[in-house]
Amino acid sequence: MADEKVDILLLGSGGREHALLKKLAESPRAGKLYVAPGNGGMLQQAELAPVNQDSPAEVAEWAKTHGIGLVVIGPEAPLVEGVGDAVRAAGIPAFGPNADAARMEGSKEFAKQVMAKAGVPTAAYKSFTDEASCAAYVREIGGPCVVKADGLAAGKGVIVAQTTEQALEGVRQCFSGQFGDAGNTVVVEEMLQGPECSLLALTDGTTLVPLATSQDHKRALDGDRGLNTGGMGVYSPVPILLPGELETMVEIEKKVLAELNREGIRYSGCLYGGFMLTKDGPKVLEFNARFGDPETQVVLPRMKGDLVECFLACDNGTLTEDMVQWEDDWAVSVVLASAGYPGHYEKGKKIVGIDDANALDGVTVYHAGTKLAENGDILTNGGRVLDVTAVAPTFEDARNKAYEACDKIWFEGKTYRHDIGIKAIKGRANL
């Protein structure tokens, strides 16, 4: 029945998954909600499923024995491992691409080959499987360039090198095993110039429905200084887009989807394009095979639509553009992190003030690196601890409200950037 309730298993434990959980729970079709492994906030809203999210057989078996009607795969690792394949083979709908399609994120070399065949604009590149020839190529082209471990490296296998020496050090890190098997193949790219823009899209393998644009802030410190992180804050939509740029990005993603189809690969789930807005138009930095983190935390609060219906439609091939509409509001999210992130940090710090922040109009605090203590306290349990998101009619209101909410939350070592969204206010000419 089209309106019957569906019990849902959501895999993941970050801010992205908490945002997905909240949006799924809003659906009239949402039945019982289970999470594996979840976090402190998610476990206040859903039941723990005691399964290893990276084990295809375990997830599929548990879902089957518990009458799950939809498995939502949040992170990239379970997708690459083939959890989607196993769940679908058990006759259960899944949101997230199968392993062959998830190579768009799981192998940068594979993604580059698909982009080349699709004829979409991206950085020129070469790939290598031995350190000596890779280092020789880096010396030949010199810096700046970008060195990437081919496989999944938890967002850490990309070295943006301004100099030849930095690039050579990146090559050494990749081949030294610092990123595990992810560095067995290394991709060296030209460095593109311009502001970045993320475009997430839902797809059933044929139809592609773009979601709202967003812009992440990757560096740890104000002024885009410090180390690269998983993302320190984000806003949506992106006001600096020039006429035609959004249409170009959508067309690029459609071409990639069509190329995968030509190769006999059905891609269903979320296709996430990371773009650089160059002087020659948008060019692809990378593709991811899942919702972005922290982009999800500003895109989903602005989305009007039934997420359960959308995800089921992605799986069964019935996705249509009218399933998704957008609020005119703006959303800004600030990440509260543990002191020392993205390097060494301590865990187990008590967090206070989340309820006070959530009480502000238009504010939602998404849990990321948190855990629920036996006495009910929320404790820090990761580098990125909370995503403080505010939605408001104007960009300035959303930004101000997000920071007002940040001030209401405290834990020992709380750190965050104070300039999230300043780029949007400055405008394109000043970037």
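I will try to describe carefully the structure that is included in this document. (Residues numbered from 1 in each chain as written. Predicted model: local features only at pLDDT ≥ 70, side-chain atom pairs only at ≥ 80, totals over all residues. Heavy atoms only, no water.)

Quick word on the nonpolar core
Then, number 1: In this structure, Leu9, Val71, Met104 and Ile409 are the most contacted members of the largest nonpolar core, which totals 75 residues.
Then, number 2: When sequence neighbours within four positions are dropped, the list of residues in contact with Leu9 reads Tyr34, Val35, Ala36, Ala49, Val59, Trp62, Ile68, Leu70, Val71 and Val72.
Then, number 3: By size, the runner-up hydrophobic cluster in this structure holds 37 residues, among which are Val35, Val298, Met303 and Phe311. (Core = buried A, V, L, I, M, F, W, Y, C linked by side-chain atoms within 4.5 Å. Buried < 20%, exposed > 50% of the residue type's maximum accessible area, 1.4 Å probe, protein only. Contact = heavy atoms within 4.5 Å.)

Brief notes about the environment of Gly183
Then, number 1: One can find Gly183 in the loop between helix H8 (164-175) and strand S9 (186-190).
Then, number 2: Residue Gly183 is classed as buried on the basis of its relative accessible area of 1%.
Then, number 3: Along the chain, Gly183 and Ala424 lie 241 residues apart, while their C-alpha atoms are 35 Å from each other. (Helix = DSSP H or I, 4+ residues; strand = E, 2+ residues; numbered from the N terminus.)

Focus: the sheet that holds strand S4 (residues 70-73)
Strand pairing in a sheet is mediated by backbone hydrogen bonds. Such pairs are either parallel or antiparallel.
Then, number 1: On the basis of which strands lie adjacent, the open sheet formed by 5 strands has the order S3-S2-S1-S4-S5 and parallel pairing. A single partner strand is all that each edge strand has here, and the edge strands are strand S3 (47-48) and strand S5 (94-95).
Then, number 2: Strand contacts of helix H2 (residues 56-65): strand S1 (6-12), strand S2 (30-37) and S4, with the helix running at about 160° to S1, the strand carrying the most contacts.
Then, number 3: Running at roughly 90° to S4, helix H11 (residues 307-316) makes contact with S1, S2, S4 and S5 of the sheet. (Pairing = 2+ DSSP bridges. Axes fitted to C-alpha atoms, helices over the stretch in contact; angles between N-to-C directions.)

Structural notes on the side chain of Thr122
Then, number 1: Residue position: Thr122 is located in the loop between helix H6 (108-118) and strand S6 (125-128).
Then, number 2: Looking at Thr122, the relative accessible area reads 18%, which means it is buried.
Then, number 3: Here Val284 takes part through its backbone oxygen, which lies 2.7 Å from a polar atom of the side chain of Thr122. (Polar contact = N/O pair within 3.5 Å; in protein donor to acceptor, adjacent residues only side chain to side chain.)

Regarding the layout of surface pockets
Then, number 1: If you add up the space inside the second largest pocket, you get close to 270 Å³.
Then, number 2: Looking at the second largest pocket, it is lined by 18 residues, and the ones nearest its centre are Gln44, Ile354, Asp355, His367 and Ile378.
Then, number 3: If you list the elements that add at least two residues to the lining of the second largest pocket, you get helix H1 (15-25), strand S20 (350-351), helix H12 (354-358) and strand S21 (363-367).
Then, number 4: Among the elements that make up the lining of the second largest pocket, the one with the highest residue count is H12 (4 residues).
Then, number 5: Residues belonging to the lining of the second largest pocket are distributed by class as follows: 4 nonpolar, 9 polar and 5 charged. (1 Å grid on protein atoms, 1.4 Å probe; cavity = no way out; pocket = protein on both sides within 12 Å on 5 of 7 lines; lining within 4 Å. Points joined across faces, edges and corners; volume = space filled by probe spheres on them. Nonpolar A, V, L, I, M, F, W, Y, C, P; charged D, E, K, R; others polar.)

Considering the environment of His66
Then, number 1: Position of His66 relative to the elements: it lies in the loop between H2 and S4.
Then, number 2: Residue classification places His66 among the partly exposed positions, given a relative accessible area of 37%.
Then, number 3: His66 sits 59 residues away from Asp7 along the chain, and the two C-alpha atoms are 8.8 Å apart.

What about the side chain of Ser236?
Then, number 1: Take Ser236: it is sitting in strand S14 (residues 233-236).
Then, number 2: Exposure remark for Ser236: the relative accessible area of 0% places this residue in the buried category.
Then, number 3: A distance of 2.6 Å separates the side chain of Ser236 from the backbone oxygen of Thr213, its partner in a polar contact.
Then, number 4: Setting aside residues no more than four positions away along its own chain, Ser236 makes contact with Ala212, Thr213, Ser214, Val298, Val299, Arg302, Trp330 and Ala331.

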